[in-house]
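Overview (structure and organization)
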Amino acid sequence: MIDQTIKLGDVVWQANFASCAEVWLTCPCCNGAKEVTVILGDGRHVHTECKWCQSGFDLPRGVVKVYQPKARTQSLMISGIIKTETPKGEVWSFQSLDDQLNHVIRKAEELFFTEAEALVQAQKEATTYLQRNLAETQPKQEHYKSYAWNAIYHLEAAERAQRDLAHHQAKAHICQERSKKKETQ
Ligand SMILES: [Zn+2]
């Protein structure tokens, strides 16, 4: 962190990071199996495809993507020093000239005397960003509930279809029998 000993024209360092590399992790919902198992109240196990690692209408992939941030530093030139009186005392902020030649006001704690200090801060920020990204890859409770709903829905639909099939096959069989009888008469 810099202080008011900084002079106009001094070069300071800012912590920065970019989320560049794509990293694929095993899906935390299906553990890479691409399907999940729902156990119904009567003990039946229903397998259904994992929706967490599925993108749109594609098949589940068993992996999820996160962006691996890379810690960076940026040098800036001090172009203004601003002192503000507040009820809690003096607050210093610094105007700096960035790559796009914009004068941006930054707090003292955002700027550093050395690149090494800025890099430590950048690594801290990158770690926080990655942890937030990883937390977002974890399915929420509502997501798991949707599996139970899907499993029951598809199971009931399959059972209904089986009953309908048996019913229609029986009817079709009767019709066939009748037409055969007619032919032999
Ligand atoms: Zn999955």
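What this report covers is the structure whose coordinates are included nearby. Note on numbering: residues in each chain are counted from 1, in written sequence order. Reporting in this predicted model follows two pLDDT cut-offs: at least 70 for local features of residues, and 80 or more for side-chain atom pairs to be given and counted; totals over whole chains, interfaces and linings ignore these cut-offs and use all residues.

Before going further, it helps to examine the sheet that holds strand β1 (residues 11-26). A pair of strands is labelled paired if DSSP reports no fewer than 2 bridges between them. Only DSSP runs of H or I reaching four residues or more are called helices, and only runs of E reaching two or more are called strands; each is numbered from the N terminus. Spatially, five strands are ordered β6-β5-β4-β1-β7 in an open sheet, and the strand pairing comes out antiparallel. Since the sheet does not close on itself, it has two edges, and those belong to β6 (103-107) and β7 (111-112), each with one partner. Both strand β5 (residues 89-97) and β6 contribute to a ladder of five bridges, which runs antiparallel. By the bridge assignment, S96 is partnered in β6 with V104.

Relative to strand β3 (residues 45-49), strand β2 (residues 35-39) is paired through five bridges, and the arrangement is antiparallel. When the bridges of β3 are listed, T37 appears paired with H47. As consecutive antiparallel partners, β2 and β3 are separated by five residues, and within that stretch G43 has a phi angle of approximately 90 degrees, a positive value.

Counting residues in hydrophobic clusters, the biggest one holds 12 residues: I2, V12, W13, A15, F17, L76, F94, L111, F112, A118, A122 and A126. Secondary-structure elements contributing two or more residues to this core are β1, β7 and α1 (115-136). At four residues, the largest contribution of residues to this core is made by β1. C-beta atoms are first placed from the backbone for all residues, and any pair lying within 7 Å is then listed as a contact. Not counting residues up to four positions away in its chain, the partners in contact with I2 are V12, F94, A108, L111, F112 and F113. Only buried residues count toward a nonpolar core: Ala, Val, Leu, Ile, Met, Phe, Trp, Tyr and Cys, linked into one set through C-beta atoms within 7 Å. Any residue with 12 or fewer other C-beta atoms within 10 Å of its own C-beta is exposed, any with 20 or more is buried, and the rest are partly exposed; the C-beta atoms used are placed from the backbone. The next biggest cluster of nonpolar side chains, apart from the first, holds 10 residues, and it includes C27, C29, W52 and C53.

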